[in-house]
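These are the residues of each chain, in order.
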Amino acid sequence: MKESLINFSLFITALVLSSLLIAPQARHRLFTTIVNEERTILATIPFSNGDEFYKIVKIKSGTTVSVEIYKLTASADFSLIALFEIPDARDVYYDINSAPTNLFLAHLDSDGTQEIIVPTMGRNLESKLNIIKFNAQTKSFAHHSL
């Protein structure tokens, strides 16, 4: 009798755990409670366009990689002007000029302005290049993913 009760308890426990892992919403809730939500700065780089200066910051928080763009103000402070979140992303390093980097600038088109390149890896371990373009006319940034 006692062995049957133990077997039944194990069966119920396995059933509950498997349903939590199969249901996407339940799996997400379980995963986000386990994952550390602490913000970690992964990389920073300076960016300038003429007389304007920016600081680009790559941050990891839980399962999200984000890019924060700060503009240097007249009072020598940095003010957040743009935030781009890349959900379900992992940090990735690329070998650029024999140096590993996870955030860099590169000319990808002929507009005369460097693009901000943010390499990440998705949930299924697929590599992604997130490109943040600066529009000199509107003085704004836009995110594109490849």
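Residue positions are counted from 1 within each chain, in the order its sequence is given. It should be noted that, the model being predicted, local features are given only for residues of pLDDT at least 70 and side-chain atom pairs only at 80 or more, the latter also being counted only at that level, while totals for whole chains, interfaces and linings use all residues. The basis for every side-chain value is the complete set of non-hydrogen atoms in the structure, without hydrogens or water.

### Section: the overall build of the protein
Helix numbering and strand numbering both begin at the N terminus, where a helix is a DSSP run of H or I of at least 4 residues and a strand a DSSP run of E of at least 2. When helices and strands are tallied, the protein shows 2 helices and 11 strands. Going from the N terminus to the C terminus, the protein shows its helices and strands as α-α-β-β-β-β-β-β-β-β-β-β-β. Remark: exposure states derive from per-residue accessible area (1.4 Å probe, protein chains only) relative to the maximum for the residue type, with buried under 20%, exposed over 50%, and partly exposed in between. Residue burial in the protein is summarised as follows: out of 146 residues, 29% are buried. The contacts of the protein with a sequence gap of at least 6 include a subset with a gap of at least 24, amounting to 34%. Per-residue and other accessible areas were derived by the Shrake-Rupley procedure at a 1.4 Å probe size, with only the shown protein chains allowed to occlude residues. Only carbon and sulfur atoms are counted for the fraction: they give 59% of the accessible area of the protein, which is about 9800 Å². Here, residues are in contact when the closest pair of their heavy atoms is within 4.5 Å.

### Here's the deal with the confidence of the model for the protein
Note on scores: pLDDT gives the predictor's confidence for each residue, bounded by 0 and 100. Scored by pLDDT, the protein has a mean of 85; 87% of the residues are at 70 or more. Mean pLDDT values for the elements of the protein range from 62 in helix H2 (residues 24-34) up to 94 in strand E2 (residues 52-61).

### Remarks on the sheet that holds E2
Strands pair, by our definition, only if DSSP identifies at least two bridges between them. The strand order across the open sheet formed by 4 strands is E1-E2-E3-E4, and the pairing between neighbours is antiparallel. Two strands in the sheet have a free side with no partner beyond their single neighbour: strand E1 (39-49) and strand E4 (78-86). Each strand of the sheet is rotated relative to its neighbour by a mean of 20 degrees, with strand direction disregarded. Pairing of strand E3 (residues 64-72) with E4 involves 8 bridges; the strand directions are antiparallel. Bridge pairing links Val-65 to Ile-86 in E4. Helix axes are fitted only over the stretch in contact, all axes being lines through C-alpha atoms; the angle between N-to-C directions runs from 0 to 180 degrees.

### Brief notes about the pattern of salt bridges
Salt bridges are defined by distance alone: a side-chain nitrogen of Lys or Arg within 4 Å of a carboxyl oxygen of Asp or Glu. Tallied over the full model, the rule gives 8 salt bridges. With a shortest N-O distance of 3.6 Å, Glu-52 and Lys-139 are connected by a salt bridge. With Glu-52 in strand E2 and Lys-139 in the loop between strand E10 (127-135) and strand E11 (140-145), this pair connects stretches of sequence that are 87 residues apart. Across the pair Asp-111 and Lys-133 runs a salt bridge, and its minimum N-O distance is 3.4 Å.

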